[in-house]
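Residues per chain are reported as follows:
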Amino acid sequence: MTSRTASSRAHRTDVRRRPMRPGRAREGLVGWSFALPFVVFFTVFMAGPILAALVTSFTDLRVTDIRSPFSVDIVGVDNYVAVLQDPIFHRAAVNTAIFVLVGIPLTMVLGLLTAVGLNSAIVKFRTLFRVGYYMPVVTSIAAVAVVWRMVLGAEIGLVNGILSVFGITGPGWLTSSSLALGSLIVMAAWRNMGFLMIIFLAGLQTIPRDLYEAAEVDGSSRWQQFRHVTLPLLRPTMLFAAVITGIGYLQFFEEPFVMTQGGPLNSTLSVAYHAYNQFSFGNYGYTAAASYVLFLAIALLTVFWFRLFRPQT
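A few points on the structure. What you see is a predicted model, and the numbers here were worked out from it, not measured in a lab.

**What to know about the overall build of the protein**
A count of helices and strands for the protein gives 14 helices and zero strands. Looking at the protein residue by residue over its 313 residues, the buried ones come to 35%. Restricting to contacts in the protein with at least 6 residues of sequence separation, those with at least 24 account for 68%. Accessible surface, the protein: about 19,700 Å² in total, of which carbon and sulfur atoms supply 68%.

In structure tokens:
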């Protein structure tokens, strides 16, 4: 046993001392030359700003310090304390939490139901429906928000116009503090369900048809097949859908920016929109701290989804 160990150690030492073949070194050089543009791009435009924002969150950097950024003072966690004690941030955090807690399940349910319907042999013209449902995803969010703002307008909106035909006076969907956030959630779910539909369709098509046939032979109903066959086998797909949707919904910004400007009475103000406002005011240290608080929320939500949809044993 000792001689084998000594021989193995000697072999590893010999391998480490063996010079690299010129051809192998050339292959590595060629590989790094292809990767170098991305590495430089990522370092300059991604990793660099991320680290700079982290450092900024511990300083009192403001717009007046741009010409002399290295003369700012280190304030420690004061910016984070200011963020967590800011009542406007609290309101933005609650709005974002509601948007996430309601929007993600609603979008996933709509996307899954649409995918199940299009995956069945009953629905005709499935390709046409897939394209139709996916069109809002590839359309600019600003354009979608402008259209929905006209649809939900209080006076000349399409929805209230239809309600007026039946003698019903429609509410101010975007001007009411109790309805504005819900209207944005419905719009976001409508826009993003097409993306999840494609994801769920891909997952549904990987489930063997034999499992459904065996369940049908055993007398299982459609609902039992969906509950005991489809849903368990879609857990990895649902995990991906929940993580991607959660990351997007926690950062929702364009919808209130275009449709409500965060109003009325900050009822649609999001954390991302609040950080944008503080950046516009020149409070760069506060903005960086708020952004990292949002990053922490995204990380925690992702961990939650991984625990919720982990494989069952």
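**Topic: the packing of aromatic side chains**
Counted by the stated rule, this structure contains 17 aromatic pairs. Their ring planes at 40° and their centres at 4.9 Å tell us that Phe-279 and Tyr-284 sit as a pair that is tilted. Given the relative accessible area of 45%, Phe-279 is considered partly exposed. Judged by its relative accessible area of 16%, Tyr-284 is buried. Consider the rings of Tyr-292 and Phe-295, whose centres lie 6.1 Å apart with planes at 70°: the pair is edge-to-face. Of this pair, Tyr-292 and Phe-295 are both found in helix 14 (residues 284–308), three residues apart, which corresponds to roughly one turn of the helix. Chaining the aromatic ring pairs together yields one cluster made of Phe-253, Phe-257, Tyr-273 and Tyr-276.

**Some points on the packing of helix 3 (residues 78–85) against helix 14**
Orientation of helix 3 relative to helix 14, taken along the N-to-C sense of each, is 70°, at an axis distance of 8 Å. One finds that helix 3 runs roughly perpendicular with respect to helix 14. Where helix 3 abuts helix 14, its residues Asn-79, Tyr-80, Ala-82 and Val-83 lie against Gly-285, Tyr-286, Ala-289, Ala-290, Tyr-292 and Val-293.

**Observations concerning the environment of Leu-101**
Relative to the assigned elements, Leu-101 resides in helix 4 (residues 87–119). The spacing of Leu-101 and Gly-246 is 145 residues in sequence and 9.1 Å in space, taken between C-alpha atoms.

**Section: the nonpolar core**
Ranked by size, the top nonpolar core spans 57 residues in total, and within it Phe-99, Ile-104, Met-108, Phe-200, Met-259, Trp-305 and Phe-309 carry the most contacts. Among the elements that make up this core, the one with the highest residue count is helix 8 (residues 180–204) (ten residues). With sequence-adjacent residues up to four places away left out, Met-259 is seen in contact with Ala-145, Trp-148, Arg-149, Leu-152, Leu-174, Leu-184 and Met-187.

**Things to note about helix 13 (residues 271–280)**
Those residues of helix 13 that fall on the buried side of the exposure criterion are Val-271, Ala-272, Tyr-273, His-274, Ala-275 and Gln-278. Along its buried surface, helix 13 packs onto helix 4, helix 12 (254–259) and helix 14. Looking at the residues trailing helix 13, positive phi occurs at Gly-282, about 90°.

**Some thoughts on the side chain of Asn-95**
With respect to the helices, strands and loops of the structure, Asn-95 is situated in helix 4. Owing to a relative accessible area of 3%, Asn-95 belongs among the buried residues under this scheme. Excluding its chain neighbours within four sequence positions, the residues that come into contact with Asn-95 are Leu-181, Asn-266, Ser-267, Thr-268 and Leu-269.

**Some words on a nonpolar patch on the surface**
Residues Trp-32, Leu-36, Phe-38, Val-39, Val-40, Phe-41, Phe-42, Val-44, Phe-45, Met-46 and Ile-50 make up a contiguous nonpolar surface patch of roughly 1,100 Å² in combined accessible area. With respect to the helices and strands, Val-40 occurs in helix 2 (residues 22–56).

The rules behind the values
- Residues numbered from 1 in each chain as written.
- Predicted model: local features only at pLDDT ≥ 70, side-chain atom pairs only at ≥ 80, totals over all residues.
- Heavy atoms only, no water.
- Helix = DSSP H or I, 4+ residues; strand = E, 2+ residues; numbered from the N terminus.
- Buried < 20%, exposed > 50% of the residue type's maximum accessible area, 1.4 Å probe, protein only.
- Contact = heavy atoms within 4.5 Å.
- Areas by Shrake-Rupley, 256 points an atom, 1.4 Å probe, with all protein chains shown as cover.
- Phe/Tyr/Trp six-rings, centres within 6.5 Å; stacked < 30°, edge-to-face > 60°.
- Axes fitted to C-alpha atoms, helices over the stretch in contact; angles between N-to-C directions.
- Parallel < 35°, antiparallel > 145°, perpendicular 65-115°, else oblique.
- Core = buried A, V, L, I, M, F, W, Y, C linked by side-chain atoms within 4.5 Å.
- Patch = residues over 30% accessible without salt bridge, like charges linked within 9 Å, V, L, I, M, F, W, Y side chains within 5 Å.
- Salt bridge = Lys/Arg side-chain N within 4 Å of Asp/Glu carboxyl O.

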